[in-house]
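Listed below are the residues making up each chain.
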Amino acid sequence: MSENIKCIHCGEDCGKHPIVWQDKNFCCEGCKTVYQLLNDNKLTGYYDIYDSPGIKVEVNDFGKKYAYLDNDEIASKLIYFTEGEFSKVKLYIPDIHCSSCIWLLENLYLINPNISQSSVNFIKKETDITFNNTKISIREVVELLASIHYIPMISLEDVDGKKNETENKTLIIKIGIAGFVFGNTMLLSLPDYIPGGELLDDTFKNFFGFISLGLSLLIIFYSGNDYIISAYKNLKHKMVNIDLPISIGMLTIFGQSAYEILSSTGTGYMDSLAGLVFFLLLGKWYQNKTYQALSFERDYKSYFPVAVSKLVDKKEEIIPLDSIKVGDRIIVHNQELIPADGILIEGTASVNYSFVTGESKPVLKKSGDELYAGGKQIGSTIILEVTKEVMQSKLTQLWNQNDSGSTSEKDLSTLIDDISKKFTFIILSVATIAGIYWLFNDNSLALMAFASVLIVACPCALALSIPFTYGNIMQSFGRLGFYLKKSTVIEKLSKVDTIVFDKTGTITHIDTDSVKYHGRDLSKKELSQIKSLSRQSQHPLSKSIFDSINSSLDNNLSNYMEIASSGVKCNFNDTKYKLGSASFVGSKVTNTNKNSSIVYISINEEVIGHYTIENSYREGIENLANTLNKSYDIHIISGDNDAETERLRTMFGKKASLHFDQSPMDKYNYIKELKKQGKYVLMVGDGLNDAGALKESNVGISIADDVFNFSPASDAILESKKFYLLPTIFEKSKKSINIVYASFTMSFFYNVIGLGYAVSGQLSPIIAAILMPLSSISVVAFVTIGARWLMRKVK
C-alpha cells in the first residue's frame with residue numbers, strides 16, 4: 001500500500017493524482033496558486049514556521065463579490081484613517097490560526113508594494129493594513145487577502161461602526177440552556193443517588209434515561225458544540241489545542257451513557273455531562289470578563305502620559321491629555337505628536353504621519369485643513385481646534401503597532417506557548433493509560449477516570465499568570481508616574497545588566513531661575529522674536545530661554561528648522577535668527593564655564609550674545625548612582641563637552657564609562673556596539689536627540705518634564721520628578737518575575753494533585769469541571785494580591 005502524498009500547502013491528502021509544480025505536490029489548483037504567489041514574492045519562509053500551515057483553497061473568480069467596496073460611502077466607513085495617498089483599514093480575518101499566518105499577513109507589502117504596512121492582532125484575529133489609495137483600492141486589498149485565502153469577514157456592524165455583541169449573548173444563552181439541562185438531568189438521576197432509588201421500577205428508570213438522552217442532545221449539538229468544532233477544525237489543520245481533550249471527554253461520557261440507556265443496561269451519566277459543560281461555559285464567561293478587564297487596563301490606564309498646551313485667553317496652560325474637549329484650542333510645538341483629530345487654525349503644519357502610515361514624507365497643511373491624531377508636527381508651532389475626543393486606546397495602539405517585529409528574543413510567554421503545545425499530548429496519554437488501567441481492574445471507574453483526567457487538567461491557569469501579574473505591576477507603575485508601552489517591558493527590565501544615561505535633560509535639569517543673557521542690548525522686537533523662536537523647540541535649553549523672556553510673541557515666523565544637537569533657526573521677514581551652539585551660529589568663542597550651558601544667538605549671521613543656563617543634577621542622583629553601581633554597568637553619553645567629567649566621576653565612580661560630544665548617530669552606534677558585546681542594555685534619555693539610541697536599546701525609557709514629550713521610540717516614560725525611583729523600578733520588576741514563577745508552581749501543583757485524584761477514579765467529571773475554572777480564579781487572585789503587596793510601600 002503506497003504512502004499518502006500530502007499537499008505541501010495545506011497538508012491534506014493529494015489522492016492518486018497530485019498536481020505537481022517544481023517537484024512539489026498539491027491537492028488542488030488553489031493550493032498551487034497560493035504557493036506560486038508566495039514563491040514569486042520570495043515568501044516561502046511561510047512554510048518554515050509550521051509544517052503545512054496553509055488552509056485548503058478553492059480557486060475563485062471573485063467577480064463582483066466585493067464590488068460593494070467600490071462604493072465610497074461604504075469604503076469610508078471601513079477606512080478609519082486617510083491622509084493624502086495613504087489609508088488605513090482594520091479587517092477581521094477568522095482564518096488566522098498560527099505563527100505562519102501572522103508572518104504572511106505582516107509581509108503583504110512584498111506581495112503588493114502598494115501596501116506599505118500591515119500588523120496582526122492574533123487574539124482578536126484582526127489585521128491592520130496601510131495602503132496607497134491612489135494605486136490600490138480597499139476592494140483590491142480585500143481581494144488580495146481572499147486570493148491567499150485569508151478572507152476578511154465584513155459585516156453590517158463593521159460598516160455601521162457598531163460593536164457586535166452577538167457572541168457574548170450566544171455564550172449566555174448556551175450557559176442558560178446547559179444550566180437548564182443540568183438541573184433537569186440531576187432531577188431525573190435522583191434515584192441513582194438517594195437510598196431506596198433501586199426500588200424504582202425499571203420502566204421509569206428507562207423513561208427517565210431517554211428524557212436525559214434527549215436533553216443531552218442540546219448539550220452536544222448546541223451548548224458544548226464550540227469545543228467539538230474547535231477541536232475538529234484544529235485537527236483538520238494538523239493542530240492540537242486544549243479543546244481536544246475536553247471534546248473527547250464530552251463525547252466519551254455521551255457515548256457511554258447513550259449505550260447504557262439504549263441497551264437498558266444503566267442510566268448513564270448525562271447529569272455529569274450537562275454539569276461539565278455548564279461549569280466549563282461559566283469558566284469561559286469568567287475568563288472572557290477577566291481578559292476584557294485586562295484589555296481595558298491596557299488601553300486606558302497604561303496610556304503614555306501626553307500633556308498638552310491648551311490656549312486659554314491667549315495664554316498657554318498645561319493640561320492632562322484626557323482633559324481635552326471638542327472645541328478646545330491646543331498648541332503643538334515642533335516634534336510634538338498631535339494628540340487628537342482637529343482643524344488647523346493658525347500656522348503652517350508639516351506633519352509626519354510615519355507613526356501612523358509608515359511613510360516618512362511630511363504632509364503640508366494650511367489653515368482650515370484637517371489633522372489626524374498620531375501625526376508629528378515638524379517645523380514651527382501650530383494651533384488646532386479639537387474636533388474629536390481623545391482616544392487613548394487608539395494612541396496606545398499606534399505606540400505598539402510598529403513593535404511586533406522589533407525583537408526575536410524569547411520570553412516567558414513563549415515558554416508558556418511551548419508548554420501548552422505539549423500539555424495536551426501529555427494529558428491525552430495520561431487519560432488513556434488511566435482508562436485502560438481501570439478497564440482491567442475496575443471497569444466502573446474507567447470512564448470516570450478517563451473523562452476526569454481530560455477535564456481537570458488545564459493550562460489556562462498557567463496562561464493567566466503572566467498577563468495578570470504584569471498587568472497589576474504595570475498599573476501600579478502608572479500610578480507612580482512610570483508608564484509602560486506594554487506589560488512585557490517588565491520582563492525586559494528584569495534582564496537589564498547595563499544602563500546608559502543621556503546627560504542633558506536626563507540626569508540633569510535646567511534651573512530656569514539661573515538663565516542670564518550676556519551681550520549687546522536687545523530691543524523689545526528682538527526679545528519678542530528670540531522668545532518666539534525658542535518657543536518652537538522642546539529642548540530643555542530652548543524652553544528655559546522662552547520662560548525667562550518677559551515679552552509678547554511675534555507670529556511672523558517662517559522657514560523654521562531645528563538641527564539635532566546644534567540649534568534652531570528661522571526668518572522674521574528678511575531677518576535671519578539662529579539660536580544654538582557656538583559652531584552652529586558661527587561663534588569663535590566656546591564655553592569655558594564648567595557648570596553651565598551656553599546658547600549663542602546670531603542675527604543675520606552676526607553673533608550678538610549668548611545665554612548662560614546653570615545645570616542642576618536631579619534630586620537624589622547621588623543615592624541613585626550608588627545603588628545602581630552595585631548591580632549594573634553604568635555608561636553616560638552626552639552631546640555636551642567634557643566639562644562635567646570630574647563631577648560625574650565623583651557621583652558614578654571610576655568604573656562608569658563617560659563619553660562626550662556625541663551626536664545622535666554616535667549614541668545609536670554606541671548602544672549597538674554594547675549589544676554586540678552581549679550586554680542587555682537599558683537606555684535612559686529625554687527622547688529628543690536620542691530617539692535612535694532609545695529604539696536600538698533592549699529597553700528605552702524616556703524622561704518627561706513639565707510638558708510630556710511623547711517618544712514613540714521608547715518602551716516607557718518616567719516622569720522626571722520620579723527619576724529617583726529607577727532603582728526601585730528595577731528591583732520590583734525582578735521580584736515580579738518571582739510572582740510569575742510562584743504562580744507557575746501553584747498551577748503545576750494544582751494539575752498534579754487534580755490529576756492524582758482523577759487517575760485514581762476519585763474525582764467525578766462534574767467536580768473536575770468546577771475545579772478547572774477555580775484554578776484560574778485562584779491563580780488570578782494570587783498574582784493580583786502578590787503584585788499589589790509587592791508595590792504596597794512604593795511612593
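Criteria and thresholds
- Counting of residues starts from 1 at the beginning of each chain's written sequence and follows it residue by residue.
- For a predicted model such as this one, the threshold for reporting local features is a pLDDT of at least 70, and the threshold for listing and counting side-chain atom pairs is 80 or more; totals across whole chains, interfaces and linings nevertheless cover every residue.
- Water and hydrogen atoms were dropped before computing side-chain values, which therefore reflect all heavy atoms in the structure.
- Put simply, DSSP marks the helices as runs of H or I at least four residues long and the strands as runs of E at least two long, and each gets a number from the N terminus on.
- Throughout, exposure labels follow a simple rule: accessible area from a 1.4 Å probe, protein chains only, divided by the maximum for the residue type, with under 20% read as buried, over 50% as exposed, and the rest as partly exposed.
- Contacts are assigned to residue pairs with any non-hydrogen atoms lying within 4.5 Å of each other.
- Only the protein chains shown count as cover for residues, and all accessible areas are computed by the Shrake-Rupley method using a 1.4 Å probe.
- By definition here, a salt bridge exists when the distance from a side-chain nitrogen of Lys or Arg to a carboxyl oxygen of Asp or Glu is within 4 Å.
- Following DSSP output, two strands are said to pair if at least two bridges run between them.
- Lines fitted to the C-alpha atoms define the axes, with helices restricted to the stretch that makes contact. Angles between their N-to-C directions range from 0 to 180 degrees.
- Pairing of N or O atoms within 3.5 Å defines a polar contact, subject to two protein rules: one partner must be a possible hydrogen donor and the other a possible acceptor, and residues neighboring in sequence count only if both atoms are side-chain atoms.
- Side-chain atoms within 4.5 Å are what join buried Ala, Val, Leu, Ile, Met, Phe, Trp, Tyr and Cys residues into a set we call a nonpolar core.
- Orientation is classified from the angle alone, with under 35 degrees giving roughly parallel, over 145 giving roughly antiparallel, 65 to 115 giving roughly perpendicular, and any other angle giving oblique.
- When the near helix sits turned anticlockwise from the far one by under a right angle, the crossing is termed left-handed; a clockwise turn instead gives a right-handed crossing.
- In the scheme used here, Gly and all other residues not listed as nonpolar or charged are polar, with Ala, Val, Leu, Ile, Met, Phe, Trp, Tyr, Cys and Pro taken as nonpolar and Asp, Glu, Lys and Arg as charged.

A. Seen up close, the overall build of the chain. The helix and strand inventory of the chain stands at 28 helices and 29 strands. Out of the 795 residues in the chain, the part that is buried amounts to 51%. Here the contacts in the chain between residues at least 6 apart in sequence split such that 67% fall between residues at least 24 apart. By element, 54% of the accessible surface of the chain is carried by carbon and sulfur atoms, the whole surface being about 37400 Å².

B. Representation of the pattern of salt bridges. Going through the model one piece at a time under the given rule, you end up with 15 salt bridges. For Asp341, the salt bridge identified is with Lys388, shortest N-O distance 3.8 Å. Highlighted residues: Asp341 in the loop between β9 (329–332) and β10 (342–346) and Lys388 in the loop between β15 (382–386) and α14 (392–401), separated in sequence by 47 residues. For Lys388, a relative accessible area of 48% corresponds to the partly exposed category. Via salt bridges that share partners, Asp70, Arg139 and Glu143 belong to a single interconnected network.

C. Here's a closer look at the pairing of strand β17 (residues 498–502). Of all the five residues making up β17, five are buried; the element is thus mostly covered by neighbouring parts of the structure. Covered by surrounding structure in β17 are Thr498, Val500 and Asp502 together with Ile499 and Phe501, the residues of both alternating faces. Two elements, β17 and strand β25 (residues 633–637), share five bridges in a ladder whose sense is parallel. Across the sheet, residue Asp502 finds its bridge partner in β25, namely Ile637.

D. Structural view of the sheet that holds strand β14 (residues 376–377). On the basis of which strands lie adjacent, the open sheet formed by three strands has the order β12-β11-β14 and antiparallel pairing. The sheet is open, and its two edges are formed by β12 (363–365) and β14, each paired on a single side. Looking at chain direction, strand β11 (residues 349–352) and β12 are connected through three bridges and run antiparallel. Bridge pairing links Ser350 to Leu364 in β12.

E. Representation of the sheet that holds strand β27 (residues 681–685) in the model. Read from one edge of the open sheet, seven strands run β16-β29-β28-β27-β17-β25-β26, paired in mixed fashion. Strand pairing shows two members of the sheet lacking a second neighbour, β16 (482–484) and β26 (657–659), which therefore form its edges. The sheet shows a mean angle of 20° between the axes of neighbouring strands, taken without regard to direction. Pairing of strand β28 (residues 699–704) with strand β29 (residues 716–719), which is carried by four bridges, proceeds in the parallel orientation. In the sheet register, Ile701 faces β29, and the bridge partner there is Ala716.

F. Focus on the side chain of Asp128. Mapped onto the secondary structure, Asp128 falls in strand β6 (residues 126–132). A polar contact is formed between the side chain of Asp128 and the side chain of Lys88, at a distance of 3.4 Å.

G. Spatial organisation of unusual backbone geometry. Backbone geometry at Asn559 places phi at a positive 55°, although glycine is not the residue there. Mapped onto the elements of the fold, Asn559 is located in strand β20 (residues 557–563). Positive phi values are uncommon outside glycine, yet Asn573 reaches one of about 60°. Relative to the helices and strands, Asn573 resides in the loop between β21 (567–572) and β22 (575–580).

H. Up close: the nonpolar core. Of all hydrophobic cores here, the largest spans 53 residues; its most connected members are Ile499, Phe501, Phe652 and Phe723. In contact with Phe652, other than residues within four places in its own chain, are Phe501, Ile507, Ile621, Ala625, Asn629, Ile634 and Ile636. In this structure, Ala231, Phe254, Leu273 and Leu755 belong to the second largest nonpolar core, which totals 44 residues.

I. Spotlight on the packing of helix α11 (residues 243–262) against helix α16 (residues 443–456). Their axes nearest at 8 Å, the elements α11 and α16 cross at an angle of 155°. It follows from the interaxial angle that α11 and α16 lie roughly antiparallel. As α11 runs across α16, the sense of the crossing is left-handed. For the pair formed by α11 and α16, the contact residues are Pro245, Ile246, Ile248, Gly249, Thr252, Ile253 and Gln256 on the first element and Leu447, Phe450, Ala451 and Leu454 on the second. A per-class count over the contact of α11 with α16 returns eight nonpolar, three polar and no charged.

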